[in-house]
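# Chain and residue survey
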Amino acid sequence: MNIGTQTMAEDKPWALISEVSEQGFIEEITDIIKQHFHIICLRDFLQNPQQHGPKIQAILMWNTYPAAEPSLLSSLPSLKVVANGGVGIDHLDVPYITSLGVKVANTPGVVSDATADMAMGLLLASARKIVEGHQIAVDPKTTSIPQSLMGVEVTGSTLGIIGLGHIGYKIAQRSKGFDMKILYHNRHRRSVEDEQSVGASYCENMDDLLRESDFVVLVVNLSPETKGLISHRELSLMKPTATLINVSRGLVVDQDALVKALRSGEIRAAALDVTHPEPLPRDHPLLSLPNVLITPHVGTYTYATTRRMVQCMVDNAVAAVNGLPVPNEVKLK
Amino acid sequence: MEEEKPWALISEVGGPHGYLEELADIVKQHFQIVCYKDFLQNPVLYGSKIQALLNWKYCPAAKPWLLKLLPCLKVVASGGVGIDHLDVPFINSLGAKVANTPGVVSDATADLAMGLLLASARNILEGHQIATDPKTVHIPQNLMGVEVTRATLGIIGMGEIGYKIAQRSKGFEMKVMYHKRTRRSTKDEQAVGASYCENLDDLLRCSDFVMIAVNLTSETSGLIGHRELSLMKPTATLINISRGLIVNQDALLEALQSGTIRAAALDVTHPEPLPRDHPLLELPNVLITPHIGISTITTARGMVKKMVENALAGVKGLPVPNEVHPH
C-alpha cells in the first residue's frame, strides 16, 4: 500500500454539487473540479446527510443549484465557502451565509467576453431578423424569397448601455466597430479616459438614454435598485423603432409591461437571454410574440468560458478551504 | 410645364416580392414606372417608351428576349453590387449601359455577416427554439457554443465588404487573416490588424471562422470544395454572404454531416431558395437566411436612390456614376 498516495487522495476536501448531467455540470468539465475536490451530488448527499454533511467544506453552485437554503446549510457544519459559477449572486442571501461564518465567492471577469459577444449576437439577430429569416428559408412552404423581410440598420445607430461595468464596457468596445453612437447610464460615471476610448457619452438621466437609443441593452446586476428598472414608463419613452436587449436578469424588466409594449408596437422588438422565471411557463405570452427573440440563459456558454468559470470557482473554493484569501470573495457592502 | 418623366421597367410594387411602397415612391419621383406584369400585357406599347430597366433582386431578369422588346433601352440599373446575373457584354452590345450600387450595400452586408457569425457560434437559433418549445421544462446546461472573442477570422476577399467585416471583428479582439487576389496596403492591413495569406490553404487551416466575401466570377465559382473544407478545422464555421455558387454545396453537405467542419451560416445559396427537399435544410448545424444581406429600410432606400441616379444618368446620356464595364 502506498501510504503517500492514499494520504494525498484522502487530503482532497469534499464539495457538494447539484448533479453531473445536462442540467448540472456537464461531464467534460468535472475533471477540473476533481483535481481538487471529492464531489458528492445533492441526491447522494440527501441519502445520508448526517454521514456526508460534516465532510463537506464547499458548495460549488452552478445555475443557482444546489440552492443555499437554511435547511441545507444547517446540515453542513464544516462548510467554509459557497463558490458560485457566474458573476450574478442575486440568488444568494450573502448577509445570511456570511453570518454563518461561510464565505461567498463568484467568478467576475471570466464571463465578460462571452456575455458581451452574446449581447452583440442578440442585437444583430434581432435587428436583422436572422431567426425569422432562417425559419422562412427552411420552411417547406417557401417557394420564393420574400422581399419584405426588412430589418433595422445597426451601423451608425445609437446604442444605449444601461450598466457600464465590465461586461457593459466590452459591449461598448464591440459596438464601436459598427460605428454605433454609444450612450450609457451607470450609477457612477466612468473616467473620461474610459469614455473616450470607446466613444461613450454619459447620460446622467436614464430617460434621455431611453428616448434617443435605437438599441437599449441592459447590463446591470440585479439588486433592489434595479429590480423592475424597465417598466411601462421606461418602455413608453423608447422609440417605436427601438430594440430592448437583456443579458442581465429577467427581474430587471417588468415582463407584463414588456408584453404590452411589444404587442402595441411601443417598441419594435426584444431579445432576451434572461427571463423570470427560467424557463418561462409554456403558456407565457412572451413565447408567442413574433418580435421576441429568447435564448435560454446561454450568455456564458462556450466551452472555453465555461472551463474558465469552473476553474475560477474551484480556485475560490480551494483558497477558502485552505484558509487563504479568496480571490473573488463577495463581501458585504 | 413639367417635363415628361422617362419610362422605367420594374418588377412590381407591393406584395412579398415587390418594392415597398416608399421605395417605389423614390423611383416614381424621377420615372414613369411600368410593372413587369403590365408590360407583358402590351409589350409593343410600353417597349417603345422604356429607356431604363431597374433590376431589383434579379427581377425583371435581363434576358435576351426581354431586352429585344426594349429598343429604346439605354441602361440596366441593378440594385446591389453583384452583377453575376447580368451579361454585361451582351447588354452593352445592344447599346445599353449596366450599373450597380456599390458602397451603399457594404455596411448592412458586413453587419449581417457578423450577425450570422455570432448567431452560429452561440447557437442563437437553437437557443430560441429550445426557449420557446412547448416541451421545454429545464434550461439545458449543454447548449455550448464556440468562443468568438480572440478567435481567428479568415476573410476570403477583402474588398469593401470584407474590410468592413474586419473592422467589426476588431472589437471582438479577433485575429484577422485574409486572402485576396491583390494584397491590400500595409496601412489598410494595420488599421484592422489583418495578416495577408498569399496561400488560401493557410487561411483555411488556421481559421476558426471562414468568411466568404468575394464576387462571383469564373475564378471564384466553386472556390470552396471538398479539398478546401477538409483543410478547415473541425471546430470551424463557414459563413457565406457572397454567392451560393462560390461553395460546392454537395461538398459542404458532406463536410457538415461528417463533422469535417462544425457549422455553416449562409445568406446565399444556389438556387435561392433551395429546393424544399434539399438536405442542407435539415442539418442542425446550418443557419440559412434568405439573402437578406442588404435588407434594412435604410440601406434599401440608399440602393434605390443610387439605382435611380444611375438610371437617370444613363437615360440622359450623361456619365453613369456606377457603370459596370466588362472585364
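Quick caveat: nothing in here was measured; it's all calculated off a predicted structure. Counting restarts for each chain, with residues numbered from 1 along the sequence as it is written. Labels follow written order: the first chain is A, the first ligand is 1, and so on. Predicted model: local features are reported for residues with pLDDT of at least 70 only, side-chain atom pairs are reported and counted for 80 or more only, and whole-chain, interface and lining totals are derived from all residues. The basis for every side-chain value is the complete set of non-hydrogen atoms in the structure, without hydrogens or water.

### Some thoughts on the overall build of chain B
From N to C terminus, chain B includes 13 helices and twelve strands. The C-alpha atoms of chain B give a radius of gyration of 22 Å, which matches the 20 Å a tight globule of 327 residues would have. Here the C-alpha coordinates of chain B stretch approximately 70 × 55 × 35 Å along the principal axes. Remark: exposure states derive from per-residue accessible area (1.4 Å probe, protein chains only) relative to the maximum for the residue type, with buried under 20%, exposed over 50%, and partly exposed in between. Of all 327 residues assigned to chain B, the portion counted as buried reaches 58%. Residues scored as positive are Lys and Arg, those scored as negative are Asp and Glu, and His as well as the terminal groups of each chain are ignored. Every charge is mapped to an atom, namely NZ of Lys, CZ of Arg, CG of Asp or CD of Glu. Charge centroids of chain B, computed over 31 positive and 33 negative side chains, lie 4 Å from each other. Working definition: helices are DSSP H or I runs of at least four residues, strands are E runs of at least two. Numbering for both runs from the N terminus. In this setup the radius of gyration rests on C-alpha atoms only. A globule is expected at 2.2 Å times the number of residues raised to 0.38.

### Focus: unusual backbone geometry
Between H276 of chain A and P277 of chain A the backbone carries a cis peptide bond, its omega angle lying at -5°. Assignment of secondary structure puts P277 of chain A in the loop between β11 (269-272) and β12 (292-294). Backbone torsion omega between H270 of chain B and P271 of chain B reads -5°, so that peptide bond is classified as cis. The backbone of K57 of chain B shows a phi angle near 50°, a positive value even though the residue is not glycine.

### Let's talk about the pairing of strand β6 (residues 152-156) of chain B
All names here are of chain B. A large share of β6 lies buried, amounting to five of its five residues. By the alternation rule, side chains of β6 split into T152, G154 and I156 and L153 and I155, which are all buried. With five bridges joining them, β6 and strand β7 (residues 175-179) adopt parallel strand pairing. Each bridged residue has a counterpart across the sheet, and for I156 the counterpart in β7 is H179. A right-handed crossover is one whose linking path, passing over the helix from the first strand to the second, runs clockwise when the strands point away from the viewer. Since β6 and β7 lie parallel, the crossover through helix α8 (residues 160-170) that links them has a hand, and here it is right-handed. Of the pairings in the sheet, the one linking β6 to strand β9 (residues 209-212) comprises four bridges and is parallel in character. Paired with I156 across the bridge in β9 is I212. Strands qualify as paired when DSSP identifies two bridges or more between them.

### Some thoughts on the interface of chain B and chain A
Accessible area lost on assembly of the parts is the figure often given for the size of an interface. Counting from both sides, the interface comprises 64 residues of chain B and, opposite them, 64 residues of chain A. Between chain B and chain A, the buried area comes to about 5,700 Å², and carbon and sulfur atoms account for 61% of it. By definition, a salt bridge exists where a carboxyl oxygen of Asp or Glu is found within 4 Å of a side-chain nitrogen of Lys or Arg. Seen at the junction of chain B and chain A, the total is two salt bridges. Throughout this description, a polar contact denotes any pair of N or O atoms lying within 3.5 Å of each other; where both atoms belong to protein, one of them has to be capable of donating a hydrogen while the other can accept it, and for residues adjacent in sequence the pair is counted only when both atoms sit in side chains. Here chain B is connected to chain A by 28 residue pairs in polar contact (both at pLDDT 80 or more). Of all the elements in the fold, those that place two or more residues in the side of chain B that touches chain A are α6 (106-121), α7 (124-132), α8, β12 (286-288) and α13 (297-316) of chain B. For the side of chain B that touches chain A, the leading source of residues is α6 of chain B, giving nine residues. Three classes are used, and their members are as follows: Ala, Val, Leu, Ile, Met, Phe, Trp, Tyr, Cys and Pro are nonpolar, Asp, Glu, Lys and Arg are charged, and the others, Gly among them, are polar. Along the lines of polarity and charge, the residues of the side of chain B that touches chain A split into 33 nonpolar, 20 polar and eleven charged. Residue contacts are defined here by distance: any two heavy atoms, one from each residue, within 4.5 Å place the two residues in contact. Accessible area, probed at 1.4 Å, shrinks when two parts are joined; the buried area is that loss added up over both.

### So, the packing of aromatic side chains
Residue and element names in this part refer to chain B. When two rings of Phe, Tyr or Trp (its six-membered ring) have centres within 6.5 Å they constitute a pair, described as stacked for plane angles under 30 degrees, edge-to-face for angles over 60, and tilted for the intermediate range. Here the structure, examined in full by the defined rule, presents four aromatic pairs over all chains. Ring centres of W7 and Y46 lie 6.1 Å apart, and the angle between their planes is 45°; on these two criteria the pair is classed as tilted. With a gap of 39 residues between them, W7 in strand β1 (residues 7-10) and Y46 in helix α3 (residues 43-47) connect regions that are remote in the sequence. The class for Y46 is partly exposed, based on a relative accessible area of 21%. Summarising the aromatic geometry, the rings of Y178 and Y196 are spaced 5.2 Å apart at their centres and angled 50° between planes, so their arrangement reads as tilted.

### Digging into the pattern of salt bridges
Under the criterion given, the structure shown has 30 salt bridges over all chains. The shortest N-O distance in the salt bridge between R243 of chain B and D84 of chain B comes to 2.9 Å. Of this pair, R243 of chain B sits in the loop between β10 (237-240) and α12 (249-258) while D84 of chain B is found in the loop between β4 (75-79) and α5 (88-93), placing the two residues 159 residues apart along the sequence. We classify R243 of chain B as buried; its relative accessible area is 14%. Salt bridges sharing partners connect three or more residues here, namely D113, D117, K170 and R174 of chain A together with R150 and E173 of chain B.

### Thoughts on the confidence of the model for chain A
Within a predicted model, pLDDT stands for the predictor's per-residue confidence, ranging from 0 to 100. Averaged over chain A, the pLDDT score is 94; the fraction of residues at 70 or greater is 96%. Long-range and interchain partners of residues 1-7 of chain A, a stretch whose pLDDT sits below 50, account for one contact in this model, where long-range means more than four residues apart.

### Description of the confidence of the model for chain B
The share of residues in chain B with pLDDT of 70 or more is 99%, and the mean pLDDT across the chain is 95. Here the prediction assigns the complex a pTM of 0.95, and the interface score ipTM is 0.95.

### Considerations on the UniProt feature "domain: D-isomer specific 2-hydroxyacid dehydrogenase NAD-binding" (unreviewed entry) in chain B
Listed under "domain: D-isomer specific 2-hydroxyacid dehydrogenase NAD-binding" (unreviewed entry) in the UniProt record, and renumbered for this structure, are residues 114-293 of chain B. Taken end to end, residues 114-293 of chain B comprises 32% helix and 16% strand; its first and last C-alpha atoms sit 11 Å apart. UniProt positions are given in the numbering used here, feature names are shortened, and annotations may be inferred rather than shown by experiment.

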